[in-house]
Amino acid sequence: MLKSTFRCFLSRQTTTLLYSPPRFPSLSWPFSPISHRPICALKVLSMAEHKSKQTSQSHKHTNRLAAEHSPYLLQHAHNPVDWYPWGEEAFAEARKRDVPIFLSIGYSTCHWCHVMEVESFEDEGIAKLLNDWFVSIKADREERPDVDKVYMTYVQALYGGGGWPLSVFLSPDLKPLMGGTYFPPEDKYGRPGFKTILRKVKEAWDTKRDMLVKSGAFAIEQLSEALSVAASSNKLPDGLSQNALRLCAEQLSRSYDSKHGGFGSAPKFPRPVEIQLMLYWAKKLEGAGKTGEANEDLEMVIFTLQCMARGGIHDHVGGGFHRYSVDEFWHVPHFEKMLYDQGQLINVYLDAFAITKDVFYSCISRDILDYLRRDMIGLEGEIFSAEDADSAESDGATRKKEGAFYVWTSKEVEDVLGEHATLFKEHYYIKSSGNCDLSKMSDPHKEFEGKNVLIEWKIPSEIASKYGLPREEYLDILGECRRKLFEVRSRRPRPHLDDKVIVSWNGLAISSFARASKILKGEAEGTKFYFPVDGCDPKEYIEVAEKAASFIRRQLYNEQTNRLQHSFRNGPAKAPGFLDDYAFLISGLLDLYEFGGGINWLTWATELQDTQAGIADFFLNDELFLDREGGGYFNTPGEDPSVLLRVKEDHDGAEPSGNSVSAINLVRLASMVTSNKSDLYRQNAEHLLAVFETRLKDMAMAVPLMCCAADMLSAPSRKQVVLVGHKPSLEFEDILAAAHAQYDPNKTVIHIDPSNAEEMQFWEENNSNVALMAKNNSAADKVVALVCQNFTCSAPVTDPRSLEALLYQESSSSA
């Protein structure tokens, strides 16, 4: 039964959050180990609130987590539970006492993690049961994604879904015994409470230990076998890449919500990889002359981006996006803000601007960028991880509530805005009774009665006309109103900031800041911006990207071993860099170079790629992630014996998979370098994609970015734009912006200054053709651009508009 369960698990998309779990074989549990909890349910518990931490002078309890750096672990440092961090000390204690381990995994901005802490881990009675019967380990899933992946995969495979907090019971040798997500402390709604579960696991350990341990060992054995996917050949069958791309677009189109935007029903997550796929597919249809079909798919994306931006999932007052909305209207969100969402959303809004030239989309990109600059960047340029959903309603409050920082009463708005309150309230659907009533899913437990989540519910021009205002004056008033509310909100108790620096998420942000620095130069001169957009010169954004990349190189990269560490807070964390850290950072560095950064970023990207792949022929003897025989990349280096599974991740979910991003990185790098190294990059990409042939064929919608990667690899030739000239100069900046003005994911931009010895050396060593082009097209007073494809280059141009016209012509002729 377990074996078939795991096989079924691999054949489906595992993002379900409501489930009917099977029971363990040969083990009749008197309870179902997963709590049936929809994302927004059980808020009937007043535990949408949780206690503020006591002052350091009044702690009754202190455990080992007080010595840790992770914000999540520190949140639990004064529970009565005798917590251990993940590590040998805890494992040895479990072996010594011969008791099972209770492993709790979450993250510091996780609402339901807070709920379970207050209900269970701060309860003296529950703590006594845990301390007497178990060794309890607390792990931060953002700090140890490798550990989380093992046990989340187990829970998803056996029970059909997962989430955080993740609650798993292990044998002393770390094999899983049973698990679930959130558990209430007491039995209710026909579900077992945490106390009941603790007693039943203890009873099973005492009376059926052999069966329990064998079941856990067998589970890991079967998962390991099922997840050790390998390619049956070195490349995908002919035609599969195009079919997968088409199939994914068709599947997404069928799930499209034409009324409210988005793909799928509530709860609605902003899954940027879906947007990327649809934009890529529309571009491909346009290139094939199918303009009507291309426009239909593009309209789905445009409408979705508009609905998201106008919804409550978007923080209209402070900028940025919340994690997801609980309803179909993108209205009432789960209020945490995650860096990985911000970085990806900036990029898809930038792409929408590049396609439409509508400043609506560029302003949303700036809104997110400026939120990050304002609230999420440290003194050394590092970019922090997340902000919590929960906060205190007032100074001195003993409890926190979800969304308290963000919601407004109608009276608060009136008191702050005065004469403009009526206009503002109409624009943002603010009501005295509260506005969380658009859907029965918006506030099922009446937590937000009398509160308003801002949502743009009417077309601005209609309201402006009603009040007899020119559109610009109307937008000015709205912007000034938002600024006033922002100032008032800034005096509220802030949500907890997780100031951990994660390499992979910084890589996503580095990409978006770098791309914004050139794409936003396409905004019309005199474009007006409204708060919370600052309206800076776009070149400031690439400075942010370079500072973030410099921080990672300085604090989280070992120059001797060429290896990354995963995260930083008060120093590097113990965990090594994982596949996502390498892949996302490489992608960010490639964008940083292509959009105007120095050659040092491209050099570092190639070094990291070779470390990731273990390319001994060129730089190193390491082999961190690449499966040379089976193809593809594992998510971990495989050097930590406490991590029981090495997984080849493929699912493009809230974050893209490391393998999808790696495949695109390899395609991009292969188009920059020549000869053996270029061939090796392409071979690795082909072998990687072949590993996931079945997934691409049968479940394309689960891997949208991988579908794009497969199509990129199958393209006959990637377009190369080579710019030759003096850097930095205004002429260089303008022509580089022109090179990036059009949306074209199958384009590589190379820029080279013939007077720069470091750049010339890099290209002479890695692509002598580029070095020769630089020598032959060097001009003291101008920047020369050439567009190359299919081993042929255009005549050189020196004017930005001529380059844009040439790129448009090349796109049309390639169709």
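Residues numbered from 1 in each chain as written. Predicted model: local features only at pLDDT ≥ 70, side-chain atom pairs only at ≥ 80, totals over all residues. Heavy atoms only, no water.

With an unreviewed UniProt entry as reference, the protein is termed Spermatogenesis-associated protein, source organism Trema orientale.

Quick look at the packing of aromatic side chains now. Under the criterion given, the structure shown has 31 aromatic pairs. Here Trp 83 and Phe 121 contribute two aromatic rings whose centre-to-centre distance is 5.0 Å and whose plane-to-plane angle is 85 degrees, an arrangement assigned as edge-to-face. Of this pair, Trp 83 sits in strand E2 (residues 83-85) while Phe 121 sits in helix H4 (residues 111-121), and the two are 38 residues apart along the sequence. A ring pair is formed by Tyr 429 and Trp 457, whose centres lie 6.1 Å apart and whose planes are at 40 degrees; its orientation type is tilted. Remark: Trp 457 occurs in the loop between helix H15 (421-427) and helix H16 (460-466) and Tyr 429 occurs in the loop between H15 and H16; sequence separation between them is 28 residues. Exposure remark for Trp 457: the relative accessible area of 40% places this residue in the partly exposed category. In textbook terms, an aromatic cluster arises when at least three aromatic residues are bridged by ring pairs, as seen for Trp 83, Phe 102, Phe 121, Phe 134, Phe 169, Phe 183 and Phe 194. (Phe/Tyr/Trp six-rings, centres within 6.5 Å; stacked < 30°, edge-to-face > 60°. Helix = DSSP H or I, 4+ residues; strand = E, 2+ residues; numbered from the N terminus. Buried < 20%, exposed > 50% of the residue type's maximum accessible area, 1.4 Å probe, protein only.)

This next bit is on the state of the cysteines. Scanning the model with the defined rule gives two disulfides in all. Each sulfur in the disulfide pair Cys 110 and Cys 113 lies 2.4 Å from the other. Its S-S torsion of approximately 80 degrees makes the covalent link between Cys 110 and Cys 113 right-handed. Of the two residues examined, Cys 110 and Cys 113, each falls in the buried class. In this model, Cys 788 is linked to Cys 793 through a disulfide, with the two sulfur atoms separated by 2.0 Å. Taking the torsion about the sulfur-sulfur bond, which here is approximately 105 degrees, the covalent link between Cys 788 and Cys 793 counts as right-handed. A relative accessible area of 5% means that Cys 788 is categorised as buried. Given a relative accessible area of 39%, Cys 793 falls into the partly exposed group. Regarding the disulfides, the protein carries the connectivity 1-2, 3-4 under sequence-order numbering of its bonded cysteines. Looking at Cys 481, it has no disulfide partner, and the nearest cysteine sulfur is the one in Cys 363, 18 Å off. (Disulfide = S-S within 2.5 Å.)

Moving on: the UniProt feature "domain: Spermatogenesis-associated protein 20-like TRX" (unreviewed entry) in the protein. UniProt's entry tags residues 62-223 with the feature "domain: Spermatogenesis-associated protein 20-like TRX" (unreviewed entry), counted in the numbering of this structure. The span residues 62-223 shows a helical share of 49% and a strand share of 15%, and its end C-alpha atoms are spaced 37 Å apart. (UniProt positions renumbered as here; feature names shortened; annotations may be inferred.)

Strand pairing in a sheet is mediated by backbone hydrogen bonds. Such pairs are either parallel or antiparallel. Within the open sheet, the four strands sit side by side as E19-E18-E20-E21. Their pairing is mixed. The outermost strands of the open sheet, each flanked by one partner alone, are strand E19 (747-752) and strand E21 (792-793). As judged from the six bridges shared by strand E18 (residues 719-724) and E19, these two strands associate in the parallel manner. Following the sheet pairing, Val 722 is matched in E19 by Ile 750. Strand contacts of helix H28 (residues 768-776): E18, E19, strand E20 (784-789) and E21, with the helix running at about 55 degrees to E19, the strand carrying the most contacts. (Pairing = 2+ DSSP bridges. Contact = heavy atoms within 4.5 Å. Axes fitted to C-alpha atoms, helices over the stretch in contact; angles between N-to-C directions.)

Turning to the side chain of Asn 746, a few remarks are in order. Mapped onto the elements, Asn 746 comes out in the loop between helix H26 (730-739) and E19. For Asn 746, the side chain forms a polar contact with the side chain of Tyr 280, separated by 3.1 Å. The contact partners of Asn 746, leaving out residues within four places of it in the chain, are Tyr 280, Met 712, Arg 718 and Lys 719. (Polar contact = N/O pair within 3.5 Å; in protein donor to acceptor, adjacent residues only side chain to side chain.)

This part takes up the pairing of E20. Counting buried positions over the six residues of E20 gives six, a clear majority of the element. Of the two faces of E20, the one lined by Val 784, Leu 786 and Cys 788 and the one lined by Ala 785, Val 787 and Gln 789 are each fully buried. Pairing of E18 with E20 involves five bridges; the strand directions are antiparallel. In the strand pairing of E20, Leu 723 is matched with Ala 785.

Turning our attention to the pattern of salt bridges. One pass over the structure, following the stated rule, counts 54 salt bridges. Put simply, Asp 315 and Arg 489 hold a salt bridge, and the shortest N to O gap is 2.9 Å. Placement of Asp 315 in the loop between helix H11 (291-310) and strand E7 (324-325) and of Arg 489 in helix H17 (residues 471-489) is noted, with a sequence separation of 174 residues between them. Take Asp 315: its relative accessible area is 4%, and that puts it in the buried class. The buried category is assigned to Arg 489, whose relative accessible area is 3%. Each of Asp 140, Glu 142, Asp 498 and Lys 500 takes part in one network of salt bridges that share partners. (Salt bridge = Lys/Arg side-chain N within 4 Å of Asp/Glu carboxyl O.)

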